[in-house]
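Observations on the three-dimensional arrangement
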Amino acid sequence: MEYFIHLRDYNVIVCRKCRYAVLPSRLDTHLASPKHRVEARRRAEIGQEVGTWTGLLRNEADLERFHVPRDSPPAFEALETHQNGRRCRTCPYIACTNQGIQQHCRDQHQWVNPWRSGVKSADRRRAGQSLERPWVEDVVCQRFFVTGPRQEYFEVQPADRLADDDEAPQATQSKWDQARRQLTQSWNAVQAAQERTIREGQPDEVNPWLERTGWASLYGSRPSGPRSIRPDIIPYSRIWRHRRWLSIAGRGSKC
Ligand SMILES: [Zn+2]
Ligand SMILES: [Zn+2]
């Protein structure tokens, strides 16, 4: 069937496009809605075909016989999956918003939010009162109906892990190839950066030796670039010899 999937174990039909169950009594309205815009003649044909499927829950009154699974089955492919369920620790109720689960815990279990009651956390801890929320978070869940009296969520097994395990070997291989390429590129970049650092660092490594030996005073002040003896600087020993020669030459006179 082009439009609906028949879930025989639950006696419901699920719209392929909307991914939720539709009561056969609402089938015509559903297919006429802006999301589908199926023309009247085709809607009548589909209604007739679905009419031949036995055991279906056809209207809201029939939903009294409807039960959602409570044994965490694998997620139904036909239904939308929600990853953000909050499941009550006291009963199987699941909501997908904090507001929803808080409302449930207040109404059904007389829960008082400790963060709103004005009592400090430390005082509650001393009094032996639990600060733990009365619900579990990140529960994977689904629901059959999104309108009417049976919209409850039920927990399902996450489908993601199965999808990963079933991944095709080619896809895994290509991920390894991609990882190896990225690692090689990173390694090459690190090596290039190291070589650059060594080249740029060479003059600086020589500089302390020049300073220690005093040769730097004879050379240019720039530690890098071509070096040449500066003609304006004369070694001290040469000055001393010059002064001594002057004092001998001009004995008795002060220079
Ligand atoms: Zn639909
Ligand atoms: Zn509850």
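Parameters at a glance
Residues numbered from 1 in each chain as written. Chains lettered and ligands numbered in written order. Predicted model: local features only at pLDDT ≥ 70, side-chain atom pairs only at ≥ 80, totals over all residues. Core = buried A, V, L, I, M, F, W, Y, C linked by C-beta atoms within 7 Å. Buried ≥ 20, exposed ≤ 12 C-beta atoms within 10 Å, placed from the backbone. Helix = DSSP H or I, 4+ residues; strand = E, 2+ residues; numbered from the N terminus. Contact = placed C-beta atoms within 7 Å. Pairing = 2+ DSSP bridges. Axes fitted to C-alpha atoms, helices over the stretch in contact; angles between N-to-C directions. pLDDT = per-residue confidence, 0-100.

As a further point, take the nonpolar core. Ranked by size, the top nonpolar core spans 13 residues in total, and within it Phe4, Val12, Ile13, Val14, Ala21, Val22 and Leu57 carry the most contacts. Among the elements of the structure, β2 (12–15), β3 (21–22) and α1 (27–32) are those that each provide at least two residues to this core. Of all the elements, β2 adds the most residues to this core, at three residues. In contact with Val22, other than residues within four places in its own chain, are Ile13, Cys15, Leu27 and His30. With twelve residues, the next largest nonpolar core counts Ala75, Ala95, Cys105 and Trp135 among its residues.

This paragraph deals with the sheet that holds strand β6 (residues 135–142). Taken together, four strands build an open sheet; the order of strands is β5-β4-β6-β7 and the sheet is antiparallel. Two strands bound the open sheet, and with one partner strand each, they are β5 (94–95) and β7 (154–155). Judged from the two bridges that link them, strand β4 (residues 82–88) and β5 form a sheet pairing that is antiparallel. Each residue of the ladder has a partner; that of Arg87, found in β5, is Ile94. Across the sheet, helix α3 (residues 98–109) is in contact with β4, β5 and β6; its angle to β4 comes to roughly 15°.

It is worth spelling out the confidence of the model for the chain at this point. Model confidence for the chain is summarised by a mean pLDDT of 76, while 56% of its residues fall at 70 or above. In the model, residues 163–174 has pLDDT below 50 throughout and makes one contact with residues more than four positions away in sequence or in other chains. Here residues 200–255 scores under 50 on pLDDT; set against residues more than four positions off or in separate chains, the count is 21 contacts.

Overall, antiparallel pairing links the three strands, which are arranged β1-β2-β3 in an open sheet. This sheet does not close on itself; its edge strands, each paired only once, are β1 (4–7) and β3. Looking at chain direction, β1 and β2 are connected through four bridges and run antiparallel. Pairing of Ile5 across the sheet is with Val14, part of β2.

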